[in-house]
Amino acid sequence: GSIHALEHASIGLMPLMVMADRNDFGGLSTPMHAQLGLPAARDAQAAARALLGAGVRSAVVTLGADGALVADGDGVTHVPSPQVEVVDTTGAGDAFISALASYLMYGYTVRQAVEIATYAAGYSITRKGVIPSLIDRLSLDAYVHHSEQ
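None of the values given here were measured: they were computed from a predicted structure.

**Student:** Describe in detail helix α3 (residues 92-105), supporting the description with residues and values.
**Tutor:** Taking 1.5 Å as the rise per residue, α3 with 14 residues should run 20 Å; its terminal C-alpha atoms sit 20 Å apart, in good agreement. When α3 is considered as a whole, its buried residues turn out to be A92, A95, F96, A99, L100 and Y103. End-on view of α3: buried residues confined to an arc of 125°, all on one side of the axis.

Right, dumping it as structure tokens:
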């Protein structure tokens, strides 16, 4: 996993949103924590809260099969992953970040975009290979709708 900072040009240097995989927390101190001068955290929720305390507006921590955490001004929310039959996990992170960025661009809230991104990652692991496992927007919207029924 890796940590990603999404910035908006008008915001300046402070990340608007930070993404990290729970595997980035080795000692529960991400590269972003070090860059911001934050101490190591005891768990993913504490790490996300520390990032918020440093001025990051939203933090997303991916938890693999357990989903993701979304931390923002409203607190820390767990977004579960859909339960699927795993074929190949290669590309799940790519599917997640692609969907997350796309749905943020479409105007969805961070929480809504993370919920959809977990479905994109869930879909991707039901297919073999990276490229065949990536889903387009119309198919993803249909997949989310069908999965929520």
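**Student:** Describe the pattern of salt bridges, listing the residues and the values that go with them.
**Tutor:** Counted according to the given criterion, the structure contains 2 salt bridges. A salt bridge links R111 to D72, with the shortest nitrogen-to-oxygen separation between them at 2.8 Å. Of this pair, R111 sits in helix α4 (residues 110-124) while D72 sits in strand β4 (residues 68-72), placing them 39 residues apart in sequence. Judged by relative accessible area, R111 falls into the partly exposed class, the value being 23%. When the shortest N-O distance is used, the salt bridge between R137 and D141 registers 3.6 Å. Of the two residues, R137 and D141 both sit in helix α5 (residues 137-147), 4 residues apart, roughly one turn of that helix. Its relative accessible area of 29% is what places D141 among the partly exposed residues.

Reading guide: rules and limits
- Residues numbered from 1 in each chain as written.
- Predicted model: local features only at pLDDT ≥ 70, side-chain atom pairs only at ≥ 80, totals over all residues.
- Heavy atoms only, no water.
- Helix = DSSP H or I, 4+ residues; strand = E, 2+ residues; numbered from the N terminus.
- Expected span 1.5 Å × (residues − 1).
- Buried < 20%, exposed > 50% of the residue type's maximum accessible area, 1.4 Å probe, protein only.
- Arc of directions from axis to C-beta.
- Salt bridge = Lys/Arg side-chain N within 4 Å of Asp/Glu carboxyl O.

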